[in-house]
Amino acid sequence: MFPTRLTILPQVLRCIHTSAIRSADKMARERCLNKVTLLGRIGTIDMIGKESNHPFVNMTLATHNYYKSEITSLSDNNKRSCDYLFVTAESEEFTQYTEWHKVKIFKPSLRDTVYIYAASGTRVLVEGELRYRTYTNDSDITTKEAYINAGWLFKCSIQLGKQ
């Protein structure tokens, strides 16, 4: 018929014990997420170590944001009819803030494709991991550098200025 309380208890304890071992094992193999996604325009592209066994592409990527800032004095002579940055309130204007990011591409197929086909000004979506490295330059100054190790890159548009 139905199991009694005494027969269920050892099975429950065994289940709790094995789940505790499994959760401890999972914590030892826990996965974490290091993911960066950037949408911006390519600045410079350089191939580093073409003759070496491990060449890579060094690339800069510009991203920008707009924020409202105060204008101290704004006269009608300073306004331009084509300037889209002015808002309706006369005491505010939008200012663009640009940040430059270092992107390194080690994956051979992506590295070669980007070096051959991508150009400065191309709008791209880059996804990769944030990495850090420390190096000492010729003047014995230790420098820390953060960069994005690109996993894939998607071209979003044509270059600026090209028809």
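Here the structure is a predicted model, which means the values were calculated and not measured. (Residues numbered from 1 in each chain as written. Predicted model: local features only at pLDDT ≥ 70, side-chain atom pairs only at ≥ 80, totals over all residues. Heavy atoms only, no water.)

A. Structural context of the overall build of the protein. Along the backbone of the protein there are two helices and five strands. Its helices and strands in sequence order give the protein the pattern α-β-β-β-α-β-β, from N to C terminus. Residue burial in the protein is summarised as follows: out of 163 residues, 23% are buried. The contacts of the protein with a sequence gap of at least 6 include a subset with a gap of at least 24, amounting to 67%. With the model as given, the accessible surface of the protein reaches about 12900 Å², and the carbon-plus-sulfur share is 55%. (Helix = DSSP H or I, 4+ residues; strand = E, 2+ residues; numbered from the N terminus. Buried < 20%, exposed > 50% of the residue type's maximum accessible area, 1.4 Å probe, protein only. Contact = heavy atoms within 4.5 Å. Areas by Shrake-Rupley, 256 points an atom, 1.4 Å probe, with all protein chains shown as cover.)

B. How the structure looks around the nonpolar core. Core analysis: the largest hydrophobic core is formed by 18 residues, its most contacted members being Met 59, Val 103, Ile 105, Val 114 and Val 126. No other element matches strand β1 (residues 36-48), which puts five residues into this core. Discounting chain neighbours no more than four positions away, the residues touching Val 114 are Ile 45, Val 57, Met 59, Ile 105 and Leu 153. (Core = buried A, V, L, I, M, F, W, Y, C linked by side-chain atoms within 4.5 Å.)

C. Fine view of the environment of Val 126. Turning to its location among the elements, Val 126 is positioned in strand β4 (residues 123-136). Sequence separation between Val 126 and Val 103 is 23 residues, and the spatial gap between their C-alpha atoms is 8.7 Å. Discounting chain neighbours no more than four positions away, the residues touching Val 126 are Val 36, Thr 37, Leu 38, Met 59, Leu 61, Val 103, Ile 148, Ala 150, Trp 152 and Leu 153.

D. Seen up close, the pairing of strand β5 (residues 142-155). In terms of strand pairing, β4 meets β5 through 13 bridges, oriented antiparallel. Residue Leu 125 lies in a different strand from β5, and its bridge partner there is Phe 154. The loop that links β4 with its antiparallel partner β5 comprises five residues; one of these, Asp 140, has a positive phi angle of about 60°. (Pairing = 2+ DSSP bridges.)

E. Expanded view of the confidence of the model for the protein. In the predicted model, the protein carries a mean pLDDT of 77, and the fraction of residues at 70 or more is 64%. Predicted confidence is poor over residues 72-89, with pLDDT under 50, and the contacts of this stretch with residues over four places away or in other chains come to 13 contacts. (pLDDT = per-residue confidence, 0-100.)

F. Examining the environment of Thr 122 more closely. Mapping Thr 122 onto the fold places it in the loop between α2 (108-117) and β4. Judged by relative accessible area, which is 2%, Thr 122 ranks as buried. In this structure the C-alpha to C-alpha distance between Thr 122 and Cys 156, which are 34 residues apart in sequence, comes to 7.8 Å. Here the side chain of Thr 122 touches Ala 119 through a polar contact of 2.8 Å, landing on its backbone oxygen. (Polar contact = N/O pair within 3.5 Å; in protein donor to acceptor, adjacent residues only side chain to side chain.)

G. Spotlight on the side chain of Thr 63. Structurally, Thr 63 can be placed in strand β2 (residues 56-70). Within the structure, the side chain of Thr 63 is placed 2.8 Å from the side chain of His 101, a separation counted as a polar contact. With residues up to four places along the chain from it excluded, the contact list for Thr 63 reads Leu 38, Leu 39, Gly 40, Tyr 97, Thr 98, Glu 99 and His 101.

H. Layout of the packing of aromatic side chains. Evaluated as defined, the whole model comprises one aromatic pair. Look at Phe 56 and Phe 106: their rings are 5.0 Å apart centre to centre, the planes differ by 40°, and that puts the pair in the tilted class. Taken together, the residues Phe 56 in strand β2 and Phe 106 in the loop between β3 (92-105) and α2 connect sequence positions 50 residues apart. Residue Phe 56 is classed as buried on the basis of its relative accessible area, which comes to 16%. Overall, Phe 106 belongs to the partly exposed group, its relative accessible area being 35%. (Phe/Tyr/Trp six-rings, centres within 6.5 Å; stacked < 30°, edge-to-face > 60°.)

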